[in-house]
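Okay, here's what each chain looks like letter by letter:
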Amino acid sequence: MKTNVKMLRSSFKWFLAILLCLGFCFTPVKANTTDYSIEDFHIDATYHKNNTITQTETIQVNYSTPKHGIYQYIPLHFYVGYKDGEEKAGQVDTYAIQVEDVSVKGASYETSSEDGTYQIKIGDADTYVTGSKTYTIQYTLVLPKDYRSNYDFMYYSLIGNDWECAMNHVSFDLHFEKPLTQKEVNGFHLFSGPSRQTTNAANVKYQVTKNGVSGQVNQLAAGSAITILSRLRKNYFVDAYQRSTWMTWLCALLAAIFALLVLIKELQNHDDDITPVITFDPPEDLDPAAVGYIVDGKADDVDMMALIPYWAEKGYVDIEDQSQSEKHPHIIVHAKVDALPTKDPYQTMLFKAMFKKDKSCDFTHMNKKFGEKFVAAKEALHQSFLDERKLEETDSFEYCSLVGLIVFALALFTSSYVGYFYHWYVAIIFVALFVICAWCLNKDIKDSFDKQHHSVWKSLLSLVCFGVWLFFIYTQGTQTDQILPSWVLYGVSILIYLCFFFSYRMHKMSAYWKEKAEPLMGFKDFIQKAEVDQLEKLSAENPSYFYDVIPYAMVFGLAKTWAKKFTNIQIPQPDWYVANDYTFWNTMYFYSMMNHGIQTPVDNSVRSYNAAQAAQQAGSGSGSFGGFSGGGAGGGGGGAW
């Protein structure tokens, strides 16, 4: 029984129901012992009208070898299914048991709860006993209100199937505080023998009256149980214990309120439309790193490396290409000034990192030390877009969605009549699936810049996750030990999902971002869609036009597109770029050298630094209502120690 309890506690209830419907059966084999024997086991119990049982056990033990005493354990859960033909056939309900008012006469004892059982250990570790010894154990089992709407029932094991030795004689007198009707007496069942027996296999002699049941049996084998089962009239039990549900309902109500408020707020919100302003020239007041940050709200490696051709065009550095082939790029950047004429800390930090020892930076010799300085420069870029240059305006209502998610998870954690956190896996699945939904439906700065809402695959993924959740609570919906009914689970879940789905309507960009985004959107559109004849005209007016734009094309992710557009346009090689083979130079080759000769070594350096940082941180019992022997409340087992 103890093994079965552990198994059932760790399994989903629907899975249990399927196993029970298939008639899964396992009968444990008990080893007989010659160290001691139970000569007589008498039970005198009263089944009260509030679904509690006061039980007194008088156990006569004969020790053939010295022992300290005996122990007994009582399962704290039992499981009851529905018969075929009933509305919820195949469903399994879980019931929690409380053990109270324990006392033992005849020896010292101690109690504990472990592995889903209540344990009574009788005897003294410093004292051995031999021969005959009699113990009188008394306790009260508190059973909860049952989940049947049309009837009540008794399902109770007087003797559990986990006693490790045979009993020479067992007798019992069970009194009903509230008398049964004759119909209930006629429908009374007693099962005995090994676990899951549905007959009186141990041949227990018993008699049932309206006021109780009594019986006895000689030679009850090890691993055998005696269990009673009776279907009773509705409301037979009065004032049975039921766990308070107010916390669960309060959490569910708060989650619904938060979700509803957020949804109303989202549907009322409407962000101002951003209209791209077509422009042909880079912004005069923003370097490419700043533009890259405005585009996606992140300081990327490419944002920082775009500063190199930007500096070259400004006359601050020269680029020397010593590559032998495109597959083996070798780029060296030479500083032409001692310091940059700028107040932007991220530019200054990158410049010093590149030219720390001398005025040359060989990108074939990047190391994690450079990666450390590079990461610090990216952080400085991020810090430069705070306060008056912040890109987003946070609406406090956005956090209400998260609060609703957490509060509803608490409702799921506590939504079991069995006990708090019994349905912990339901809450974990809920949070995991909805976190994925939130990630899919979140709108970041780049989405705003590209004027997108949700990508199709992310929307589909969120719907799939939400569908999985709905299917899951559908399969769990018939679990009557679940406090929250299915309509509450569905309703609040839908509200929270809608909050995530319309969250983009509360995504507010700052006035600064809107001011800068409109011309940048137009500039990006131009880079992407410009025709060759238009570019020829602009290049004729400004021979350096390609080089002025390429740093910004890099942060837009359009450097290759921009370079391709100039493959058939005659533009001069810049005086700040010294190529290894002048006859081989063209815009696509220039793009390739910038990408593989500079970007790749920097990426490797940053990865090396991040890996080093990561390594450093790393160091630092079940049954159906048909009933069987060993099922029901009580029971358990014991032995000598």
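(A) View of the state of the cysteines. Counted according to the given criterion, the structure contains 0 disulfides. Free of any disulfide, Cys440 has its nearest cysteine sulfur in Cys465, 6.0 Å distant.

(B) Fine view of the packing of helix α7 (residues 307-314) against helix α8 (residues 345-354). Between α7 and α8, the least distance of the axes is 12 Å, while the angle of their chain directions is 90°. The orientation of α7 with respect to α8, classified from their angle, is roughly perpendicular. Only Tyr346, Gln347, Leu350, Phe351 and Met354 of α8 make contact with α7, whose side of the interface consists of Leu307, Ile308, Tyr310 and Trp311. Tallied by class, the residues present in the contact of α7 with α8 amount to 8 nonpolar, 1 polar and no charged.

(C) How the structure looks around helix α10 (residues 397-413). The terminal C-alpha atoms of α10 lie 25 Å apart, and with 17 residues this matches the ideal 24 Å at 1.5 Å per residue to within 8%. If you check which residues of α10 are buried, you get Cys400, Ser401, Gly404, Leu405, Val407, Phe408, Ala409, Ala411 and Leu412. Among the structural elements, α4 (246-268), α11 (424-441), α13 (456-476) and α14 (486-501) are those in contact with the buried residues of α10.

(D) Up close: the environment of Gly297. Within the element layout of this structure, Gly297 appears in the loop between α5 (288-296) and α6 (301-305). The class for Gly297 is partly exposed, based on a relative accessible area of 21%. Gly297 sits 88 residues away from Phe385 along the chain, and the two C-alpha atoms are 9.0 Å apart. For Gly297, the contacting residues outside a window of four places in its chain are Leu391 and Ile445.

(E) Expanded view of the pairing of strand β7 (residues 109-114). Sheet topology places β7 next to strand β8 (residues 117-122); 6 bridges connect them, and they run antiparallel. Within the sheet, the bridge partner assigned to Glu114 lies in β8 and is Thr117. Where β7 folds back on β8, the antiparallel hairpin that results is connected by 2 residues, among which Asp115 adopts a positive phi of roughly 55°.

(F) Geometry of the pattern of salt bridges. Taken as a whole and assessed by the stated rule, the structure comprises 8 salt bridges. Notably, a salt bridge pairs Lys67 with Asp35, separated by 3.5 Å at the nearest N-O pair. Of this pair, Lys67 sits in strand β2 (residues 52-67) while Asp35 sits in the loop between α2 (13-21) and β1 (36-47), and the two are 32 residues apart along the sequence. Given the relative accessible area of 17%, Lys67 is considered buried. For Asp35, a relative accessible area of 29% gives the class partly exposed.

(G) Structural detail: the sheet that holds β7. In spatial order, the strands read β7-β8-β3-β24-β11; together these 5 strands make up an open sheet with mixed pairing. Each edge of the sheet is formed by a strand with only one pairing partner; in this case those strands are β7 and β11 (162-163). As paired strands, strand β3 (residues 70-75) and β8 are joined by 5 bridges and run antiparallel to one another. What sits directly across from Gln72, in β8, is Ile120.

(H) How the structure looks around the packing of α4 against α10. It is the contact of α4 with α10, at a shortest axis distance of 8 Å, that shows an interaxial angle of 155°. The pairing of α4 with α10 is recorded here as roughly antiparallel in orientation. For α4 against α10, the interelement crossing comes out left-handed. Between α4 and α10, the residues in contact are Thr248, Cys251, Ala252, Leu254, Ala255, Phe258, Leu261, Val262, Lys265 and Glu266 and Phe397, Cys400, Ser401, Val403, Gly404, Val407, Phe408, Leu410 and Ala411, respectively. Taken together, the residues of the contact of α4 with α10 sort by class into 14 nonpolar, 3 polar and 2 charged.

(I) Representation of the packing of aromatic side chains in the model. The tally for this structure, following the rule as stated, stands at 40 aromatic pairs. Connected via pairs of aromatic rings, a cluster forms that spans Phe408, Trp424, Tyr425, Phe430, Phe434, Phe466, Trp469, Phe472, Tyr497, Phe500, Phe501 and Phe502. Across the ring face of Trp641, the terminal group of Lys121 is positioned such that the distance to the ring centre comes to 4.1 Å. In this structure, Lys458 packs its charged tip against the face of Trp439, placed 4.6 Å from the ring centre.

(J) Just the sheet that holds strand β18 (residues 331-335), in detail. In spatial order, the strands read β19-β18-β17-β22; together these 4 strands make up an open sheet with mixed pairing. Each edge of the open sheet carries a strand with a single partner, namely β19 (360-362) and β22 (577-578). Taken together, the 5 bridges between strand β17 (residues 317-321) and β18 define a ladder with antiparallel strand orientation. When the sheet's bridge partners are listed, Ile319 is paired in β18 with Val333. Contacts from α7 reach β17 and β18 within the one sheet, and its direction differs from that of β17 by about 115°.

(K) Local environment of the pairing of β18. Buried residues dominate β18, accounting for 4 of its 5 residues. Examined bridge by bridge, β18 and β19 share 3 bridges and lie antiparallel to one another. Residue pairing for β19: His334 is matched across the bridge by Ser360.

(L) Just unusual backbone geometry, in detail. Despite not being glycine, Gln219 has its phi angle at roughly 60°, a positive value. Examined against the element boundaries, Gln219 turns out to sit in strand β15 (residues 212-220). Assessed through its relative accessible area of 54%, Gln219 is described here as exposed. Unlike most non-glycine residues, Asn235 shows phi in positive territory, near 65°. Tracing the chain through its elements places Asn235 in the loop between β16 (224-232) and α4.

(M) Region of interest: α14. The terminal C-alpha atoms of α14, which comprises 16 residues, lie 22 Å apart, in line with the 22 Å expected from a rise of 1.5 Å per residue. Of the surrounding elements, those touching the buried residues of α14 are α4, α10, α11 and α13.

(N) Layout of the nonpolar core. Core analysis: the largest hydrophobic core is formed by 80 residues, its most contacted members being Trp311, Met354, Phe363, Trp513 and Trp562. Here this core gets 10 residues from one element, more than from any other, and that element is helix α17 (residues 545-556). Residue contacts for Trp311: discarding those within four places in its chain leaves Tyr316, Val317, Leu340, Gln347, Leu350, Phe351 and Met354. Counting 70 residues, the second-largest nonpolar core is a separate cluster that includes Val129, Leu174, Leu190 and Leu232.

(O) Representation of the layout of surface pockets within the structure. The space that makes up the largest pocket amounts to roughly 630 Å³. In this structure, the largest pocket is lined by 31 residues; those nearest its centre are Glu392, Glu398, Tyr399, Asn442 and His507. Mapped onto the lining of the largest pocket, the elements with two or more residues apiece are α5, β20 (392-393), α10 and α11. Considering each element in turn, the lining of the largest pocket owes the most residues, 5 residues, to α10. Each residue belonging to the lining of the largest pocket can be placed in one class, and the counts come to 15 nonpolar, 7 polar and 9 charged.

(P) Here's a closer look at the environment of Val142. Looking at where Val142 falls in the secondary structure, it is placed in strand β9 (residues 129-142). The sequence separation of Val142 and Thr52 amounts to 90 residues, and the corresponding C-alpha distance is 4.6 Å. Setting aside its immediate chain neighbours within four residues, Val142 contacts Asn51, Thr52, Ala96, Ile97, Gln98, Glu100 and Tyr241.

Rules behind the numbers
Residues numbered from 1 in each chain as written. Predicted model: local features only at pLDDT ≥ 70, side-chain atom pairs only at ≥ 80, totals over all residues. Heavy atoms only, no water. Disulfide = S-S within 2.5 Å. Axes fitted to C-alpha atoms, helices over the stretch in contact; angles between N-to-C directions. Helix = DSSP H or I, 4+ residues; strand = E, 2+ residues; numbered from the N terminus. Parallel < 35°, antiparallel > 145°, perpendicular 65-115°, else oblique. Contact = heavy atoms within 4.5 Å. Nonpolar A, V, L, I, M, F, W, Y, C, P; charged D, E, K, R; others polar. Expected span 1.5 Å × (residues − 1). Buried < 20%, exposed > 50% of the residue type's maximum accessible area, 1.4 Å probe, protein only. Pairing = 2+ DSSP bridges. Salt bridge = Lys/Arg side-chain N within 4 Å of Asp/Glu carboxyl O. Left-handed = near helix turned anticlockwise from the far one by under 90°. Phe/Tyr/Trp six-rings, centres within 6.5 Å; stacked < 30°, edge-to-face > 60°. Lys NZ or Arg CZ within 6 Å of the ring centre and 35° of its normal. Core = buried A, V, L, I, M, F, W, Y, C linked by side-chain atoms within 4.5 Å. 1 Å grid on protein atoms, 1.4 Å probe; cavity = no way out; pocket = protein on both sides within 12 Å on 5 of 7 lines; lining within 4 Å. Points joined across faces, edges and corners; volume = space filled by probe spheres on them.

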